[in-house]
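# Tertiary structure, described
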Amino acid sequence: GDVKDAKMTLECSGKILVVLFHPGVKDVLLTCSTGHEGCHMRLWDLQEDCKAEKLLIDVHGEAEVMCASFNVRGNLVATTAKDGQVRIIDPRKNKVVHEFPVAQGQRDTFVYFMDDTDKLVAVLGFSKGGAREIGIYDAATGKCLKDLEVEGDSGAMMPHFDIDTKLLYVASAGAPSVQFFLLSTKAPYIEQLSRFKSQHDFKGFVMAPKVECAVRKVEINVGWQLAKNEIKRISFTVPRKRAEFFQDDLFVPTASPAPFMNSTEWFSQKHTEKEGPVYVSLQPNGMMPLSEAPEEKLTERQIKYHQRKKEAQAPKAKGCLGHENSAEVRQHFQQLAELMDTSSNPWDAQGEDQEDSDWSD
């Protein structure tokens, strides 16, 4: 039904910029807001009285935060701000661990941790020329390892990064498509893929938890599109020939949506060794992994193809001198010619000396 009454109200002054739940700790909420005192990040414990924040993080000065995202363990937060800086923050210590400028400008910029090592971050934004741009950065040094300008729609971006498959989905407000990019922690780092086209323009776009995927249909993600008059489920699938097997190269163990600790434990930092998600397998019962599947039987067409390939790669018959083609024969005789003494030709005819009188009448 309709949401009418708020369960609680947070007293947060200024314009609200970011609202983000902790990915693995229940009842921990992060907000960013800006006012006359600058931009502040706050952490709230929703189990307690929320008249005041649990922690106030003051590291952005007057720069408005545009995006915030937690790392896999949930102990660091990456932010982008309108001063063009990316900050890696330890929120419970009110401390910036790393900070560096990015080339993606000061407009609608997003940042994501690439994996559980926290060494690389992906930044999505706009170049100085106004084109969309993706950059991969070393979080410790701020070095840009790769950037890619891409053609895109002009509307506000609604991105989602799937850390399991390293796929970046970018939908645009007012446009009917979603762009796909494959990111990697190794060169070439960024690969632009195809795009999904809807019948309706996007007004909103979110992803469901990975456990909602129809694994037997090789559905790697489920998205929800907010259109003009409807909310539509979007199925992102990968075509596979042997779909009867569990595609374990696509469906790696994923973070469980269940919390790994409560808010009291997390704020106290007494059990940091427990921090981090519990990984679960998406393999359905009775479904054999593709990596353990028996070797596939070849079709007649495949057998003929492999035979032709084998014949083409087979060693060719050699001549009596060990040569395989006319070029080698020609080269052989050229080398023999270079070794021969050409100052005199033993095959030239040698006539006997004759007296001039012998030719007289």
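Everything below is about the structure printed above this text.
Residues numbered from 1 in each chain as written. Predicted model: local features only at pLDDT ≥ 70, side-chain atom pairs only at ≥ 80, totals over all residues. Heavy atoms only, no water.

Bringing the sheet that holds strand 12 (residues 144–150) into the picture now. Reading across from one edge, 9-10-11-12 is the order of the four strands in this open sheet, with antiparallel pairing throughout. Only two strands of the sheet have a single neighbouring strand rather than two, namely strand 9 (110–113) and strand 12. This sheet shows a mean twist of 15 degrees between the axes of neighbouring strands, independent of strand direction. Relative to strand 11 (residues 132–138), strand 10 (residues 120–126) runs antiparallel, the two being bridged by seven bridges. Bridged to Phe126 within strand 11 is Arg132. (Pairing = 2+ DSSP bridges. Helix = DSSP H or I, 4+ residues; strand = E, 2+ residues; numbered from the N terminus. Axes fitted to C-alpha atoms, helices over the stretch in contact; angles between N-to-C directions.)

For the rest of this paragraph, the subject is the pattern of salt bridges. Within this structure, the stated rule accounts for 13 salt bridges. Note that Arg87 is salt-bridged to Glu99, the shortest N-O span being 3.4 Å. Here Arg87 is found in strand 7 (residues 85–90), whereas its partner Glu99 is found in strand 8 (residues 95–101), with 12 residues between them in sequence. What makes Arg87 buried here is its relative accessible area of 4%. What makes Glu99 partly exposed here is its relative accessible area of 41%. A salt bridge links Asp162 to Lys210, with the nearest nitrogen and oxygen atoms 3.1 Å apart. In this pair, Asp162 is assigned in strand 13 (residues 157–162) and Lys210 in the loop between strand 17 (204–207) and strand 18 (219–226), connecting sequence segments 48 residues apart. Each member of the pair, Asp162 as well as Lys210, is classed as buried. (Salt bridge = Lys/Arg side-chain N within 4 Å of Asp/Glu carboxyl O. Buried < 20%, exposed > 50% of the residue type's maximum accessible area, 1.4 Å probe, protein only.)

This part takes up the nonpolar core. Core analysis: the largest hydrophobic core is formed by 31 residues, its most contacted members being Val121, Ile136, Leu168 and Leu183. The set of elements that each furnish at least two residues to this core consists of strand 7, strand 9, strand 10, strand 11, strand 13, strand 14 (167–172) and strand 15 (177–183). With six residues, the single largest contributor to this core is strand 10. Discounting chain neighbours no more than four positions away, the residues touching Ile136 are Met114, Leu120, Val121, Ala122, Lys143, Cys144, Leu145, Lys146, Leu183, Tyr189 and Ile190. (Core = buried A, V, L, I, M, F, W, Y, C linked by side-chain atoms within 4.5 Å. Contact = heavy atoms within 4.5 Å.)

Together, Val206, Trp224, Leu226 and Ile231 make up an exposed nonpolar region whose accessible area comes to about 380 Å². Here Ile231 lies in strand 19 (residues 231–237). We classify Ile231 as exposed; its relative accessible area is 61%. (Patch = residues over 30% accessible without salt bridge, like charges linked within 9 Å, V, L, I, M, F, W, Y side chains within 5 Å. Areas by Shrake-Rupley, 256 points an atom, 1.4 Å probe, with all protein chains shown as cover.)

Attention now goes to the layout of surface pockets. By volume, the largest pocket amounts to about 1600 Å³. The computed volume of the second largest pocket comes to approximately 230 Å³. For the second largest pocket, the full set of lining residues is Leu167, Tyr169, Phe180, Leu182, Leu193, Ser194, Phe196, Ile220, Ser235, Phe236, Thr237 and Val238. Among the elements of the structure, strand 14, strand 15, strand 16 (190–197) and strand 19 are those that each provide at least two residues to the lining of the second largest pocket. (1 Å grid on protein atoms, 1.4 Å probe; cavity = no way out; pocket = protein on both sides within 12 Å on 5 of 7 lines; lining within 4 Å. Points joined across faces, edges and corners; volume = space filled by probe spheres on them.)

It is worth spelling out helix 2 (residues 300–313) at this point. The end-to-end C-alpha distance of helix 2, which contains 14 residues, comes to 20 Å, matching closely the 20 Å that a straight helix rising 1.5 Å per residue would cover. Of all 14 residues in helix 2, zero are buried, a share of ten percent or less. (Expected span 1.5 Å × (residues − 1).)

Summarising the element assignment, Ile16 is placed in strand 1 (residues 15–21). A C-alpha to C-alpha distance of 7.4 Å links Ile16 and Thr31, two positions 15 residues apart in sequence.

Moving on to the packing of aromatic side chains. Where two aromatic rings form a pair, the distance of their centres and the angle of their planes describe that pair. This structure, assessed with the given rule, holds nine aromatic pairs. Taking the centre distance of 5.9 Å and the plane angle of 75 degrees together, the rings of Phe196 and Phe236 count as edge-to-face. Placement of Phe196 in strand 16 and of Phe236 in strand 19 is noted, with a sequence separation of 40 residues between them. We classify Phe196 as partly exposed; its relative accessible area is 23%. Both rings, one in Phe246 and one in Phe251, keep their centres 5.9 Å apart while their planes meet at 20 degrees; by these two values the pair is stacked. Look at Phe246 and you get buried, because its relative accessible area is 3%. Look at Phe251 and you get buried, because its relative accessible area is 5%. Pairwise contacts between aromatic rings join Tyr169, Phe180, Phe196 and Phe236 into one cluster. A cation over an aromatic ring shows up here: Arg107 above the ring of Phe126, its NZ or CZ 3.9 Å from the ring centre. (Phe/Tyr/Trp six-rings, centres within 6.5 Å; stacked < 30°, edge-to-face > 60°. Lys NZ or Arg CZ within 6 Å of the ring centre and 35° of its normal.)

Here the focus is the sheet that holds strand 1. Adjacent strands of a sheet form backbone hydrogen bonds with each other and so pair up, either parallel or antiparallel. Spatial ordering of the open sheet is given by 1-2-3-4, a layout of four strands whose pairing is antiparallel. Unpaired on one side and paired on the other, strand 1 and strand 4 (55–57) mark the two borders of the sheet. Pairs of neighbouring strands in the sheet enclose a mean axial angle of 20 degrees, with direction left out of account. Two elements, strand 2 (residues 28–35) and strand 3 (residues 38–45), share eight bridges in a ladder whose sense is antiparallel. Within strand 3, the residue paired with Gly35 across the bridge is Gly38.

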